[in-house]
Number of protein chains: 2
Amino acid sequence: MSLSDGMNYAPKGKPAPVVSPGEFVIAAVALDHGHIYGMCNGLVEAGATLKWVYDPDPAKVAAFCKAFPQAQPAASEEAVLDDPDVQLVASAAITSLRCALGLRVLAADKDYFTDKAPLTTLEQLAQARAAVQQSSRKYMVYYAERIHQEAAVFAGQLVKQGAIGRVIQVMGLGPHRLNAPSRPDWFFKKSLYGGILCDIGSHQIEQFLYYTGAHDATVVRSQIANYNHPAYPELEDFGDAMLVADNGATQYFRVDWFTPDGLSTWGDGRSFLLGTKGYIEVRKYVNPGSHDGSSDHVFMANQAGEYHYEVAGKVGYPFFGQLIQDCLNRTETAMTQEHAFKAAELCVKAEMQAARIGLDS
Amino acid sequence: MSLSDGMNYAPKGKPAPVVSPGEFVIAAVALDHGHIYGMCNGLVEAGATLKWVYDPDPAKVAAFCKAFPQAQPAASEEAVLDDPDVQLVASAAITSLRCALGLRVLAADKDYFTDKAPLTTLEQLAQARAAVQQSSRKYMVYYAERIHQEAAVFAGQLVKQGAIGRVIQVMGLGPHRLNAPSRPDWFFKKSLYGGILCDIGSHQIEQFLYYTGAHDATVVRSQIANYNHPAYPELEDFGDAMLVADNGATQYFRVDWFTPDGLSTWGDGRSFLLGTKGYIEVRKYVNPGSHDGSSDHVFMANQAGEYHYEVAGKVGYPFFGQLIQDCLNRTETAMTQEHAFKAAELCVKAEMQAARIGLDS
């Protein structure tokens with residue numbers, strides 16, 4: 001659970017409960033990705049009561065219970081889904097299995113909160129959309145690189161205040177450290193993880209839709225490569241894409257598994273928001289070369305001046321409290337269902353359309 | 001001639017003459033763009049003897065002679081081209097006229113050094129290639145954002161040393177301040193300036209070819225827009241493109257005219273070089289938010305560590321001395337002719353293929 005391990009990166013913020021104990025009961029089911037820790041942290045800090053944990057692997061359950069002693073190991077997934085107390089199930093299953101689990105959760109008349117990417121195919125998306133329609137339940141997604149990242153949240157606040165005018169382009173860099181020996185087998189099988197544009201690319205597309213206020217977009221170019229990891233033939237170590245939104249704004253993003261060992265954190269994630277009246281740069285996890293261990297740097301220049309904000313610990317993560325309220329009140333303040341699905345749709349399309357590139361040798 | 005005016009940005013370095021006075025005689029012809037100052041600075045610091053200046057506008061000539069009192073105003077372009085002493089003609093004509101001038105210079109059996117973009121159409125490129133073939137003279141190009149930018153030069157040295165392994169992607173941001181009232185009319189006529197991808201995009205493509213060692217590339221997507229300047233309908237205030245090189249490396253670049261007034265310099269130009277063993281970020285003209293007026297920041301992370309280099313005044317501009325030697329010795333150490341033309345070809349193609357995008361209203 002350290003900053004140097006992207007797989008288990010689990011931000012902690014100031015607890016800001018929106019409900020009293022027992023008012024909003026959740027369970028954690030499927031612990032295949034370490035993101036489940038961040039997801040549960042966020043919900044618990046916002047007041048959720050974590051009642052159950054279930055995974056077929058007892059070692060994963062034991063580790064989880066160390067971090068969350070309040071969670072009781074459940075005997076089965078069914079036991080969790082059959083408990084009428086449970087209002088929401090948080091999950092970080094193998095990516096290709098996230099939809100099937102979500103369908104079971106919705107069928108049990110509970111809300112679903114899954115790690116991203118929430119699904120890996122357009123068929124799954126159609127099933128998920130139908131299940132939401134039928135159940136009126138939520139199929140929400142942990143797009144952590146925005147909702148659980150204070151600098152990204154703060155950038156959204158600046159945009160909403162009109163600080164840089166209308167956002168015309170969003171550029172994102174999502175480098176990650178591979179740390180291959182720490183990864184499970186499914187991480188290297190494309191049918192399971194969904195491809196790099198679907199997996200870590202989903203963060204990027206979600207941010208694009210969010211910062212530009214777009215409702216839809218077209219993937220106009222996407223590319224994938226395995227430039228330098230022949231031992232993992234189904235790994236895509238590089239991907240990038242350009243999108244044009246329905247409102248005319250455009251995006252470029254690059255994702256990769258090339259964070260070098262010498263970098264002081266797992267990835268130098270950046271966002272650049274270009275507006276008609278200024279721009280914002282977000283340095284999410286490191287201000288490279290500063291060697292001070294700080295994160296959450298936001299830079300802005302607009303008509304009035306040039307600014308540097310350090311916002312770690314100052315902004316919090318409003319998504320989680322909003323999500324709990326949304327579940328209780330059947331509202332959509334944290335994120336609309338359509339937004340969550342649209343980002344998923346576009347990342348699957350980016351992956352499907354991707355040209356494969358690579359170095360000659 | 002201040003840092004805040006990109007149009008007349010003219011870097012000064014430590015003089016490092018490679019020839020004695022009179023050994024390499026140059027003239028400045030066509031002063032339509034302020035880059036001519038940087039071009040002549042670079043050559044004079046490397047030892048060139050600036051003998052003549054010519055432009056049909058006496059005001060431009062008078063201003064030039066203030067900066068370079070050694071230059072004699074010539075009566076005509078012909079007078080310069082007829083002088084057997086002159087070995088190279090440096091020019092910053094209106095972009096669409098640069099090729100025609102170059103053809104006259106080469107026909108006069110002199111080398112040509114033009115501001116970028118060196119031409120605006122594939123027809124001009126064919127003429128330029130033919131003229132070089134026939135004359136054995138050089139049609140060299142002032143791709144200033146690399147050759148006259150110490151951080152960019154230093155990044156090239158790091159790459160050559162293998163500090164980040166093989167370069168698999170180059171990403172470039174080339175924002176510029178518009179400062180529309182200071183610009184001449186031709187700046188807003190597309191047939192004259194060539195479009196944003198041809199104009200300031202040419203820097204980006206040159207850097208891509210240079211840092212990756214590629215010899216050719218395909219423009220796989222390019223876009224242009226006039227997002228926010230309806231008063232200048234032929235201005236493209238935004239452009240971006242993706243290219244894939246013959247060696248499998250890839251590029252994304254964005255260029256725009258949206259530098260806000262509050263930024264402390266004319267543009268927050270960046271390059272990101274992603275290698276198989278690390279990456280480099282170049283912050284060329286400003287380290288935003290530092291408010292210290294410094295430029296030429298290079299950041300690198302590789303297997304060994306995380307580094308921040310401040311290289312202003314420490315690297316110099318080897319291109320100019322190499323170009324003089326190349327002219328004297330008929331070598332190609334500063335830049336090959338094919339490299340200069342290939343960057344020009346690709347920026348014209350990027351512009352020709354560009355999809356027009358824009359905001360709805």
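Residues numbered from 1 in each chain as written. Chains lettered and ligands numbered in written order. Predicted model: local features only at pLDDT ≥ 70, side-chain atom pairs only at ≥ 80, totals over all residues. Heavy atoms only, no water.

As for the pattern of salt bridges
Worth spelling out the cut-off: Here a salt bridge means any side-chain nitrogen of Lys or Arg lying within 4 Å of a carboxyl oxygen belonging to Asp or Glu. Relative accessibility under 20% of the residue-type maximum defines a buried residue, over 50% an exposed one, and the middle range a partly exposed one, all with a 1.4 Å probe and only protein chains included.
Under the defined criterion, the tally for this structure stands at 44 salt bridges over all chains. Between Arg 254 of chain A and Asp 256 of chain A there is a salt bridge whose closest N-O contact spans 3.3 Å. A relative accessible area of 5% places Arg 254 of chain A in the buried class. Assessed through its relative accessible area of 0%, Asp 256 of chain A is described here as buried. The partner of Arg 98 of chain B in a salt bridge is Asp 115 of chain B, and the shortest N-O contact between them spans 3.3 Å.

Considering the environment of Met 171 of chain A
Defined as follows: Put simply, DSSP H or I for four residues or longer makes a helix, DSSP E for two residues or longer makes a strand, and each gets a number counted from the N terminus. In what follows, residue pairs with any heavy atoms lying within 4.5 Å of each other are defined as contacts.
Inspection of the secondary structure assignment puts Met 171 of chain A in strand β7 (residues 167-175). Spatially, the C-alpha atoms of Met 171 of chain A and Asp 246 of chain A are 17 Å apart, while their sequence positions differ by 75 residues. Leave out the neighbours within four places in its chain, and Met 171 of chain A touches Tyr 252, Arg 270, Ser 271 and Phe 272 of chain A together with Met 171, Leu 173, Tyr 252 and Arg 254 of chain B.

Some points on the packing of aromatic side chains
Residue and element names in this part refer to chain B. The condition is simple: To pair, rings of Phe, Tyr and Trp, with the six-membered ring standing in for Trp, must have centres within 6.5 Å; the planes then decide the type, stacked if under 30 degrees apart, edge-to-face if over 60, and tilted in the middle.
Counted according to the given criterion, the structure contains 42 aromatic pairs over all chains. Ring centres of Trp 266 and Tyr 285 lie 4.5 Å apart, and the angle between their planes is 40°; this geometry places the pair in the tilted category. Of the two residues, Trp 266 is situated in the loop between β10 (250-256) and β11 (270-275) and Tyr 285 in the loop between β12 (278-283) and β13 (297-302); the sequence distance between them amounts to 19 residues. In terms of burial, Trp 266 and Tyr 285 fall into one category: buried.

Quick word on the domain arrangement of chain A
Interfaces are frequently sized by the accessible area removed from exposure as the parts join. Residue and element names in this part refer to chain A. Under the convention used in this document: Note that the domain bounds were set by an automatic or database domain assignment. Buried area, as used here, totals the accessible surface that two parts lose on assembly, with accessibility defined by a 1.4 Å probe and the loss added over both.
When cut into domains, chain A gives domain 1 (6-143 + 318-333) and domain 2 (146-316 + 348-356). Computed from C-alpha coordinates alone, the two centres of domain 1 and domain 2 are separated by 24 Å. Opposite the 25 residues of domain 1 that make contact, domain 2 presents 25 residues. Surface buried jointly by domain 1 and domain 2 totals about 2200 Å² across both partners, of which 68% is contributed by carbon and sulfur atoms. The tally of links between domain 1 and domain 2 comes to one salt bridge. Across the salt bridge formed by Asp 199 and Lys 116, the nearest N and O atoms sit 2.6 Å from each other. Those elements giving two or more residues to the side of domain 1 that touches domain 2 turn out to be α1 (35-45), β6 (139-142) and α11 (318-329).

With respect to the relation of the copies chain A and chain B
Basically, it comes down to this: Here the copies are superposed with least squares, the fitted atoms being C-alpha atoms of residues at a pLDDT of at least 70 in both.
The two copies are related by a screw operation: chain A maps onto chain B through 180° of rotation and 0.0 Å of translation along the axis, at an RMSD of 0.0 Å. Here the symmetry operator amounts to a two-fold rotation axis. Residues of chain A ranked by C-alpha distance from the rotation axis are headed by Arg 221 of chain A, positioned 3.3 Å from it. An overlap of 100% is found between the interface residues of chain A and their copies at the interface of chain B, pointing to a shared contact surface.

A few points about the environment of Gly 162 of chain A
Residues and elements named next belong to chain A. Mapped onto the fold, Gly 162 is located in the loop between α7 (150-160) and β7. We classify Gly 162 as partly exposed; its relative accessible area is 40%. When the C-alpha positions of Gly 162 and Asp 82 are compared, they lie 47 Å apart, and in sequence the two are 80 residues distant.

A few points about the side chain of Lys 116 of chain B
All names here are of chain B. Cut-off, in case you're wondering: The definition of a polar contact used here is a pair of N or O atoms within 3.5 Å, where within protein one atom must be able to donate a hydrogen and the other to accept one, and adjacent residues in sequence count solely through side-chain atom pairs.
For Lys 116, the position within the fold is in the loop between β5 (111-115) and α5 (122-135). Overall, Lys 116 belongs to the buried group, its relative accessible area being 3%. A polar atom in the side chain of Lys 116 sits 2.6 Å from the side chain of Asp 199. When near neighbours in sequence (up to four residues on either side) are disregarded, Lys 116 contacts His 35, Arg 98, Val 141, Tyr 142, Tyr 143, Asp 199, Ile 200, Ser 202 and His 203.

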